[in-house]
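Coordinate analysis (summary)
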Amino acid sequence: MTIDHDELQNLKVGSNRRGCGTLAFILLTATVLAFSQTPGKAPSITMAAVPLTTAQRAKATMVNLNFRVPSGYHINSNTPKSEFLIPTALKMDLPTDIVLGKIEYPAGEEANFPFSPDEKLSVYTGDFTIAVAVHPLHSVVPGKYVMHGALRYQACDNAACYPPKALPLSFEVKVVKEPPEHHANPAQSPHIHN
Amino acid sequence: MNGVLFVKRNPLTLVVVAFAVALMLYVGFHAARRSGPGFAPHLTHSSLAPDFSLESLDGQTTRLSDYRGKAVLLNFWATWCGPCKIEMPWFVELQNQYASQGLQIVGVAMDDASKEDISKFAKDMGVNYPILIGKESVGDQYGGVPALPESFLIGRDGKIVDKIIGLRGKAEIEDSIRKALDTKTASSQASAAGKNTTSQ
């Protein structure tokens, strides 16, 4: 099998391009890693889009809100271990007639940090979920409602802490009527039609 | 082209190049973190530390310029800041150790906690230096103080000698304190300049 000059050139150009691509990828990765914890810029917690939730009237429906803490950072859990630490807290502004039930926070992850070698802190890192109970009253007109609120948190990395921030959030709930009550036929007395 | 072919032949070169670049970025990033002007563009070494007036925990109004002639470690902190809590016992020790040489540590509490809570926190930590109740405007004068702890080392002449962002080792803080203590007051600089002029 022989390879002519043009094919050889094409092979060289192809391998050069692959080499450049790999080098560019590694350099980009190195840059991202080196600057992934640039101090001075407070990290931002993000919330995944919440799918439309159907909530039946007169019944509590749980809505899961999925948050993500950027890599290398942590935020206090809802129950930090010191009175001075700022807990992560969700505050919702609900429309009239839609009652906010309890908010379920995940348990914090107990972790040591370089600045707390002897004291475990209760924190959230990576992905975590907060569940909110939405309870439309019987009087609510069926339809779509947007719930607004904010997640208050205070983040730190291994060497510095950032001022408390609030992440505004919203999600949609479709309120539907409760199913019609099922009226079972009462057992008839054999004497009724006598 | 040849260079790229060389890289193709030696995948190890890619790793070495990437490592070297990452190392350079890391070193540059940490140099910037320690004292980079990028954090507070208007505050660089030798800038005069912006003066301010704040209320202390004991209700006194304190101006930064009240400490002119001393080396000052101006520490921005907050009760919710874990790394700040680590530094405080060091500051207590360093204040004791260097007070006779003219060091004054000044804490500026940058949080929304009540004065009572800040007092309780400082008392629990055994703080032996003045704590001032911070204001956003003062933080802005010092580049916004976007991360805590953040400390400025100010020489006897009122000029910024060093800046430390985030938790660093006690030895590094002590080095910066010595740098600030080694500075001369503005008046002694002027008299030294006068002597030089006379001797010429």
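In what follows, the structure referred to is the one given above.
Everything in this summary refers to the structure shown in the same document. (Residues numbered from 1 in each chain as written. Chains lettered and ligands numbered in written order. Predicted model: local features only at pLDDT ≥ 70, side-chain atom pairs only at ≥ 80, totals over all residues. Heavy atoms only, no water.)

**Structural notes on the overall build of chain B**
Tallying secondary structure elements over chain B gives 7 helices and 7 strands in all. What you see in chain B, going N to C, is helices and strands ordered as α-α-β-β-β-α-β-α-β-α-β-β-α-α. Classification of the 200 residues of chain B by burial places 46% in the buried group. Across chain B, every contact between residues at least 6 apart in sequence was considered, and the portion connecting residues at least 24 apart equals 74%. By element, 57% of the accessible surface of chain B is carried by carbon and sulfur atoms, the whole surface being about 9500 Å². (Helix = DSSP H or I, 4+ residues; strand = E, 2+ residues; numbered from the N terminus. Buried < 20%, exposed > 50% of the residue type's maximum accessible area, 1.4 Å probe, protein only. Contact = heavy atoms within 4.5 Å. Areas by Shrake-Rupley, 256 points an atom, 1.4 Å probe, with all protein chains shown as cover.)

**Looking at the layout of surface pockets**
Considered as a void within the structure, the largest pocket measures approximately 320 Å³ in volume. Around the largest pocket, the lining is made up of 14 residues, and of these A:Pro163, B:Met110, B:Asp111, B:Asp112 and B:Glu136 lie nearest the centre. Here the lining of the largest pocket is composed, by residue class, of 6 nonpolar, 3 polar and 5 charged. (1 Å grid on protein atoms, 1.4 Å probe; cavity = no way out; pocket = protein on both sides within 12 Å on 5 of 7 lines; lining within 4 Å. Points joined across faces, edges and corners; volume = space filled by probe spheres on them. Nonpolar A, V, L, I, M, F, W, Y, C, P; charged D, E, K, R; others polar.)

**Side note on the sheet that holds strand S1 (residues 46-47) of chain A**
Residue and element names in this part refer to chain A. Read across the open sheet, the 4 strands follow the order S1-S3-S9-S6; overall the sheet is antiparallel. In this open sheet, the two strands that pair with only one neighbour each are S1 and strand S6 (98-104). Two strands pair when backbone bridges link them, and S1 and strand S3 (residues 61-68) are joined in this way by 2 bridges, in the antiparallel orientation. Bridge pairing in S3 links Met47 to Phe67. (Pairing = 2+ DSSP bridges.)

**Let's talk about the nonpolar core**
Core analysis: the biggest nonpolar cluster contains 51 residues, and B:Leu74, B:Phe76, B:Ile131, B:Tyr142 and B:Ile177 have the highest contact counts within it. Mapped onto this core, the elements with two or more residues apiece are strand S3 (71-77), helix H3 (82-98), strand S4 (103-109), helix H4 (115-124), strand S5 (131-133), strand S6 (150-154), strand S7 (160-165) and helix H6 (170-181) of chain B. Counting 30 residues, the second-largest nonpolar core is a separate cluster that includes A:Tyr124, A:Val134, A:Ala155 and A:Val173. (Core = buried A, V, L, I, M, F, W, Y, C linked by side-chain atoms within 4.5 Å.)

**Focus: the pairing of S6(B)**
Residue and element names in this part refer to chain B. Counted residue by residue, S6 has 5 buried out of 5 residues, so it is predominantly covered. Judged from the 5 bridges that link them, S3 and S6 form a sheet pairing that is antiparallel. Paired with Val72 across the two strands is Ile154, which belongs to S6. Bridge count between S6 and S7: 5 bridges; the pairing is antiparallel. Its bridge partner being in S7, Phe152 is matched across the sheet by Lys163.

**A look at the state of the cysteines**
Here the structure, examined in full by the defined rule, presents 2 disulfides over all chains. Between the sulfur of A:Cys156 and that of A:Cys161 lies a disulfide, 2.1 Å long from S to S. The disulfide joining A:Cys156 to A:Cys161 has a torsion of about 100° about its S-S bond and is therefore right-handed. As far as the burial class goes, A:Cys156 and A:Cys161 line up, both buried. Disulfide partner of B:Cys81: B:Cys84, at an S-S distance of 2.1 Å. Classification of the bridge connecting B:Cys81 and B:Cys84 rests on its S-S torsion, roughly 85°, and on that basis the disulfide is right-handed. According to the relative accessible area criterion, B:Cys81 is buried, its value standing at 1%. Residue B:Cys84 is classed as buried on the basis of its relative accessible area of 1%. (Disulfide = S-S within 2.5 Å.)

**A few points about the environment of A:Leu167**
Residues and elements named next belong to chain A. When you line up the elements, Leu167 lands in strand S12 (residues 165-176). Among the residues examined, Leu167 registers a relative accessible area of 16% and is labelled buried. Residues Leu167 and Tyr153 lie 14 residues apart in sequence; the distance between their C-alpha atoms is 8.1 Å. Among all residues touching Leu167, those that are not within four sequence positions of it are Ile45, Thr46, Met47, Phe67, Gly149, Ala150, Leu151 and Tyr153.

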